[in-house]
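# Understanding the architecture of this molecule
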Amino acid sequence: MHNISEYFNIARKSVLESSKILKKYFFLPPWQVGTDYKGDRNPVTIADKKSENTIIRILRKNFPETEFLCEESCHSDMVSGRKLVWIIDPLDGTVNFVHKLPLFAISLALCKGKDVLLGIVYNPISKEFFHAIKGRGSYLNGKKIKVSGIKNIKYSLVVTGFPYSRGASAQKRLINNFDKFYSYTEGIRRLGSAASDLCYVACGRFEGFWEEKLNPWDVAAGSVILKEAGGKISDFAGGSNYIFGRSIIASNSKIHKKMLEIINNANKR
Ligand code: IPD
Ligand code: CA
Ligand code: CA
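Everything in this summary refers to the structure shown in the same document. (Residues numbered from 1 in each chain as written. Chains lettered and ligands numbered in written order. Predicted model: local features only at pLDDT ≥ 70, side-chain atom pairs only at ≥ 80, totals over all residues. Heavy atoms only, no water.)

### Some words on the overall build of the chain
Going by this rule: By the criteria applied, helices consist of DSSP H or I runs no shorter than four residues and strands consist of E runs no shorter than two, each listed in order from the N terminus. Throughout, the radius of gyration refers to the C-alpha atoms, and the reference size of a globule is 2.2 Å times the residue count to the power 0.38. The rule is simple: take the accessible area with a 1.4 Å probe, protein chains only, and divide by the maximum for that residue type; under 20% is buried, over 50% is exposed, in between is partly exposed. We call two residues contacting when some pair of their heavy atoms lies within 4.5 Å. We get accessible surface area from the Shrake-Rupley algorithm with a probe of 1.4 Å; when it comes to residues, only the shown protein chains can shield them. Only four residue types enter the charge count, namely Lys and Arg as positive and Asp and Glu as negative; His and the chain termini do not. A charged residue contributes its charge at one atom only: NZ of Lys, CZ of Arg, CG of Asp or CD of Glu.
Helix and strand counts for the chain come out as seven helices and 14 strands. In terms of overall size, the chain behaves like a compact globule, its C-alpha atoms giving a radius of gyration of 18 Å where 269 residues would be expected to give roughly 18 Å. When its C-alpha atoms are laid out on the principal axes, the chain stretches across 50 × 45 × 35 Å. Classification of the 269 residues of the chain by burial places 54% in the buried group. Contacts in the chain between residues far apart in sequence, at least 24 positions, make up 63% of those at least 6 positions apart. Of the roughly 12,500 Å² of accessible surface on the chain, 52% is carried by carbon and sulfur atoms. Within the chain, the 25 negative side-chain charges are centred at a point lying 3 Å from the centre of the 41 positive side-chain charges.

### Details of the pattern of salt bridges
Applied cut-off: Counted as salt bridges are all cases of a side-chain nitrogen of Lys or Arg within 4 Å of a carboxyl oxygen of Asp or Glu.
Per the counting criterion, the structure on display carries seven salt bridges. One salt bridge in this structure joins R205 and E128, with 2.6 Å as the shortest N-O distance. Of the two residues, R205 is situated in the loop between α5 (194-202) and β12 (208-212) and E128 in strand β7 (residues 128-133); the sequence distance between them amounts to 77 residues. The class for R205 is partly exposed, based on a relative accessible area of 35%. The network of salt bridges with shared partners includes K38, E71 and E72.

### Quick look at the coordination of the calcium ion (ligand 3)
Selection rule: Coordinating donors are taken to be N, O and S atoms lying within 2.8 Å of the metal, or within 3.2 Å when the metal is Na, K or Ca; because water is excluded from the atom set, some sites may appear incomplete.
Protein coordination of the calcium ion (ligand 3) is provided by E71 (OE), D89 (OD) and L91 (O), with donor distances spanning 2.1 to 2.4 Å. In the primary structure, the donors to the calcium ion (ligand 3) are separated according to the pattern E-x17-D-x1-L. The distance between the calcium ion (ligand 3) and the calcium ion (ligand 2) comes to 3.7 Å, and D89 binds to both of them. On the basis of relative accessibility, which here comes to 1%, the residue L91 falls in the buried class.

### Details of the site of ligand 1
Selection rule: In this text, near means that some heavy atom of the residue lies within 4 Å of the molecule or strand in question. For this analysis, a polar contact is any N or O atom pair within 3.5 Å, provided that within protein one partner can donate a hydrogen and the other can accept it, and provided that sequence-adjacent residues contribute only side-chain to side-chain pairs. Points on a 1 Å grid over protein atoms alone make up a cavity when a 1.4 Å probe fits among them but cannot get out, and a pocket when they form an open set with protein on both sides within 12 Å along at least five of seven lines; lining residues each have an atom within 4 Å of a point. To be counted as sitting in a cavity or pocket, a molecule needs more than half of its atoms within 2 Å of that site's grid points. Residue polarity follows a fixed list, in which Ala, Val, Leu, Ile, Met, Phe, Trp, Tyr, Cys and Pro are nonpolar, Asp, Glu, Lys and Arg are charged, and the others, Gly among them, are polar.
Taken together, 16 residues surround ligand 1, and among them D92, G93, T94, Y164 and E211 come closest. The backbone of T94 places a nitrogen or oxygen atom 2.8 Å from an oxygen atom of ligand 1. Interatomic distance of 3.4 Å between a backbone N/O atom of F162 and an oxygen atom of ligand 1. Protein chains shield 94% of the accessible area of ligand 1, which is 380 Å² for the free molecule. Comparing atom positions with the cavity grids shows ligand 1 to sit within the largest pocket. Here the shell around ligand 1 gets three residues from one element, more than from any other, and that element is strand β4 (residues 84-92). Its residues assigned to classes, the shell around ligand 1 comprises five nonpolar, five polar and six charged.

### Here we look at unusual backbone geometry
In this structure, R246 is a non-glycine residue whose phi angle is positive, near 70°. Within the fold, R246 resides in the loop between β13 (232-234) and β14 (247-251). In this structure, S253 takes a positive phi of about 85° despite not being glycine. Of note, S253 is situated in the loop between β14 and α7 (256-266). The partly exposed category is assigned to S253, whose relative accessible area is 32%.

### Some remarks on the state of the cysteines
This is how it is decided: Whenever a pair of cysteine sulfur atoms sits within 2.5 Å, that pair is classed as a disulfide.
What the rule picks out here adds up to one disulfide. The partner cysteine of C70 in its disulfide is C74, sulfur to sulfur 1.7 Å. Measuring handedness by torsion sign, the sulfur bridge of C70 and C74 sits at about 100° and is right-handed. Relative accessible area serves as the criterion here: at 0%, C70 is assigned to the buried category.

### A word on the nonpolar core
Put simply, the rule is: The term nonpolar core refers to a set of buried residues drawn from Ala, Val, Leu, Ile, Met, Phe, Trp, Tyr and Cys, joined through side-chain atoms within 4.5 Å.
Core analysis: the largest hydrophobic core is formed by 40 residues, its most contacted members being F130, F209 and I225. Secondary-structure elements contributing two or more residues to this core are β4, β5 (105-112), β6 (115-123), β7, α5, α6 (216-228) and β14. Sequence-distant contacts of F130, defined by excluding residues within four places in its chain, comprise G119, I120, V121, Y139, L140, I145, C199, Y200, C203, R205 and I225. I88, F97, L108 and Y122 belong to the second largest nonpolar core, which has 35 residues in total.

### Some details on α6
Counted only if it meets this: The span you would expect from a helix comes to 1.5 Å times its residue count less one.
Between its first and last C-alpha atoms α6 spans 18 Å; for 13 residues at 1.5 Å apiece the expected length is 18 Å, and the two agree. Most of α6 is tucked away: eleven of the 13 residues are buried. Within α6, the full set of buried residues consists of P216, W217, D218, V219, A220, A221, G222, S223, V224, I225 and L226. Two residues or fewer after α6 comes G230, characterised by a positive phi angle close to 100°.

Shown next, in the form of structure tokens:
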């Protein structure tokens, strides 16, 4: 096993390398981006795949002993939990990317079981590089960040996202949650990149974030960045199964209890 700084330095290198690919494709005309659909209204581009391959190639060459859990090419790989695992979203915010909206990021985490040891979230257009190493704080472009101090949900700006899979009952639940947060908060945003949403809570732009049906690659890196910035994160039941459990509430910690209450009361009859 290497020391954590060695993992971080190579991880950063792989992210910066793959960011060149995302940037190149982002500025190409739409017909050259090679958009395909892996599910109903769930796009994937050549850039997603090339970005992922680049990150894996660099990490595997330097750390052949590690495992991978990634969105495009190895999401069904069995992860033993005994080894270190890289969790990769090579392009979080593909819908934005396809529509030329410059809000997307590469999300990369190193985990041991459910423990996230380091996380990087990088937007190559805004050049915002968020990172955290467990126990050492969170940083945006090298400057320490922390969550906002707002305690009252009434003055909170919150953010959410909607899953690709749709269905009448899920839609009703999503709208109910949205409706409740709309009446309790100062405002709601929906940006289209869960990894960025978590980092924006970490640096105090938002007070809270919630979403369901996310995958580990959407949230692993952002979760350690948020926690190291003083935030709180849980699943909808208030438990700790937010990376693999497919529901997440993240906050500046002060409004967490209220957010849990809102989510859990929104769908009661
Ligand atoms: C998506 C984004 C989006 C969230 C979706 C995710 P992708 O990731 O994080 O904000 O609402 O649920 O799947 O597909 O662009 O990597
Ligand atoms: Ca994603
Ligand atoms: Ca993705």
